[in-house]
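Breakdown of the fold
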Amino acid sequence: MSEPTPRPGILEIAPYVPGDSSIPGKARTIKLSSNEGALGPSPAAMRALAETAADIHRYPDGGAAALCEAIGRAHGLDPARIVCGAGSDELITLLVRGYAGPDDEVLTHAHAFVMYRLAGLSVGARVVEAPERDLTADVDALLAAVTPRTRIVFIANPNNPTGTYVPQAELERLRAGLPDDVVLVIDSAYAEYVTRNDYAAGESLVDRGRNTVMTRTFSKIYGLGGVRLGWAYCPEPIADVLHRIRSPFNINAPAQAAGIAAVGDTDFLARSRDHNAAWLPWISERIAAAGFPVTPSVGNFVLVEFAAEEGQNAEAALAHLARYGLIPRAVGGNRLPGHLRITVGLEDEMRTLVEAIEAFAG
Ligand SMILES: *Cc1c(COP(=O)(O)O)cnc(C)c1O
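Only a predicted model underlies this, so the values are computations on that prediction, with no experimental measurement involved.

In this section: the nonpolar core. Residues Ile-71, Ile-82, Cys-84, Phe-218, Tyr-222, Leu-224 and Trp-231 are the most contacted members of the largest nonpolar core, which totals 35 residues. Elements represented by at least two residues in this core include exactly helix H2 (65–75), strand E2 (82–85), strand E10 (230–233) and helix H9 (253–264). Setting aside chain neighbours within four positions, we find Phe-218 in contact with Leu-67, Ile-71, Gly-223, Leu-224, Gly-225, Leu-229, Gly-230, Trp-231, Gly-259, Ala-262 and Val-263. In this structure, Val-83, Met-115, Ile-152 and Ala-232 belong to the second largest nonpolar core, which totals 27 residues.

In structure tokens, the structure reads:
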């Protein structure tokens with residue numbers, strides 16, 4: 001007897017484990033496991049989505065032209081070089097499929113967002129993870145890991161789950177040090193939250209050459225993770241590749257409508273940013289003061305380190321927080337088994353979180 005065998009690499013993929021969304025036996029929970037925007041979706045996006053119901057027998061616009069126009073207007077970018085995806089996850093997968101294959105190398109950093117590894121393995125490529133410094137992507141280590149087989153480099157900026165970032169000058173040094181035929185993908189899923197002057201999401205690097213892509217998402221600050229929507233800003237030849245290999249109707253009509261409304265709701269965006277700017281430092285300081293080191297984060301979440309000993313470790317913390325209905329994210333999949341990632345939520349959620357962590361510290 002023989003049976004079908006998947007291509008090399010496929011069985012090395014550990015299936016993606018999403019953040020938990022419930023606790024057995026708990027009716028009311030506080031989900032802080034997926035970095036979903038604290039304020040939920042923009043009211044304008046909810047209205048626009050509801051209005052699409054009567055027309056869902058129609059296929060959507062395959063190129064999502066109106067959405068690309070709206071994104072281009074909001075960000076001052078050429079809409080012809082914006083490609084939308086069913087989440088930025090889809091764009092990551094398409095970029096890998098477009099530029100890497102068996103025996104090629106996909107390069108990223110040690111504790112990077114896990115999708116790069118999954119996408120690389122799914123095409124049979126070798127995934128190389130350069131060491132980080134202080135849980136931060138290290139440009140010198142990335143450049144040292146480049147080989148003639150490197151086809152595509154992913155950097156999450158800021159990174160999930162660490163919350164750390166690389167300043168614009170360092171990103172420019174990375175691009176300048178990479179061979180011209182290597183695609184650099186800057187995943188700026190949390191760009192809207194970053195308040196540092198030396199940070200840039202990556203538009204100008206895209207514009208400067210023909211080999212850099214910036215990806216963005218509607219799943220975080222815009223609160224639209226449920227409709228699956230992301231976009232990539234690309235040089236023209238890379239946009240062309242993505243259009244050739246994406247499925248013809250990859251963005252559904254409700255997602256397009258919600259995205260157009262969300263990107264125009266600047267009040268909601270400002271409120272979300274202000275909320276994070278207030279509560280990110282508050283939880284970071286209070287958790288650290290309780291005795292658990294917090295990696296300095298510029299996103300809408302914190303990475304917290306727990307002790308090694310039983311009773312005070314990340315597993316014990318997870319169980320303790322569950323008693324308060326709190327659901328953080330275990331990040332063993334990112335090789336950070338001693339840590340938990342916790343999303344910035346609403347004020348009462350953050351007060352419950354800090355109270356629970358202080359009680360855990362004893
Ligand atoms: C959440 C996240 C994404 C994925 O977002 P989707 O658009 O929901 O697929 C991409 N990159 C990073 C770093 C993320 O944290």
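Moving on: the pattern of salt bridges. When their charged atoms lie close together, side chains carrying opposite charge are able to pair. The final tally for this structure, using the stated rule, is 17 salt bridges. Lys-31 is paired through a salt bridge with Glu-36; the nearest N and O atoms lie 2.9 Å apart. With its nearest N and O atoms 3.0 Å apart, the salt bridge here joins Glu-347 to Arg-351. Placement of both Glu-347 and Arg-351 in helix H12 (residues 347–361) is noted, with a separation of four residues, approximately one turn of the helix. The partly exposed category is assigned to Arg-351, whose relative accessible area is 41%. The network of salt bridges with common partners includes Asp-78, Arg-81 and Asp-207.

Inspection of the secondary structure puts Ile-357 in helix H12. Ignoring any residue separated from it by four or fewer positions in sequence, one finds Ile-357 in contact with Ile-287, Ala-290, Phe-292, Leu-321 and Ile-342.

Let us now look at the packing of aromatic side chains. What the rule picks out here adds up to 10 aromatic pairs. Ring centres of Tyr-116 and Phe-154 lie 4.6 Å apart, and the angle between their planes is 10°; on these two criteria the pair is classed as stacked. Note that Tyr-116 is positioned in helix H4 (residues 115–122) and Phe-154 in strand E7 (residues 150–156), a separation of 38 residues in sequence. Judged by its relative accessible area of 0%, Tyr-116 falls in the buried class. For Phe-154, a relative accessible area of 0% puts it in the buried group. Between Tyr-165 and Tyr-199, the ring centres sit 6.0 Å apart and the planes meet at 70°, which makes this aromatic pair edge-to-face. Here Tyr-165, found in the loop between E7 and helix H6 (168–177), pairs with Tyr-199, found in the loop between strand E8 (183–187) and helix H7 (203–208); they are 34 residues apart in sequence, far enough to count as distant. Both residues of the pair, Tyr-165 and Tyr-199, count as buried.

The next subject is the sheet that holds E7. Across the sheet, which stays open at both edges, the seven strands sit in the order E2-E10-E9-E8-E7-E3-E4 with mixed pairing between neighbours. A strand with exactly one partner marks an edge of an open sheet, and here the two such strands are E2 and strand E4 (126–130). Strand-to-strand twist of the sheet, defined as the mean angle between neighbouring strand axes without regard to direction, takes the value 20°. For E2 and E10, the ladder comprises four bridges, and the chain directions are antiparallel. Across the sheet, Cys-84 pairs through a bridge with Trp-231, a residue of E10. Running at roughly 155° to E4, H4 makes contact with strand E3 (105–109), E4, E7 and E8 of the sheet.

Okay, the state of the cysteines next. According to the stated counting rule, one finds zero disulfides in the structure shown. With no disulfide of its own, Cys-68 lies closest to Cys-84 among cysteine sulfurs, the gap being 3.8 Å.

Rules used throughout
Residues numbered from 1 in each chain as written. Predicted model: local features only at pLDDT ≥ 70, side-chain atom pairs only at ≥ 80, totals over all residues. Heavy atoms only, no water. Core = buried A, V, L, I, M, F, W, Y, C linked by side-chain atoms within 4.5 Å. Buried < 20%, exposed > 50% of the residue type's maximum accessible area, 1.4 Å probe, protein only. Helix = DSSP H or I, 4+ residues; strand = E, 2+ residues; numbered from the N terminus. Contact = heavy atoms within 4.5 Å. Salt bridge = Lys/Arg side-chain N within 4 Å of Asp/Glu carboxyl O. Phe/Tyr/Trp six-rings, centres within 6.5 Å; stacked < 30°, edge-to-face > 60°. Pairing = 2+ DSSP bridges. Axes fitted to C-alpha atoms, helices over the stretch in contact; angles between N-to-C directions. Disulfide = S-S within 2.5 Å.

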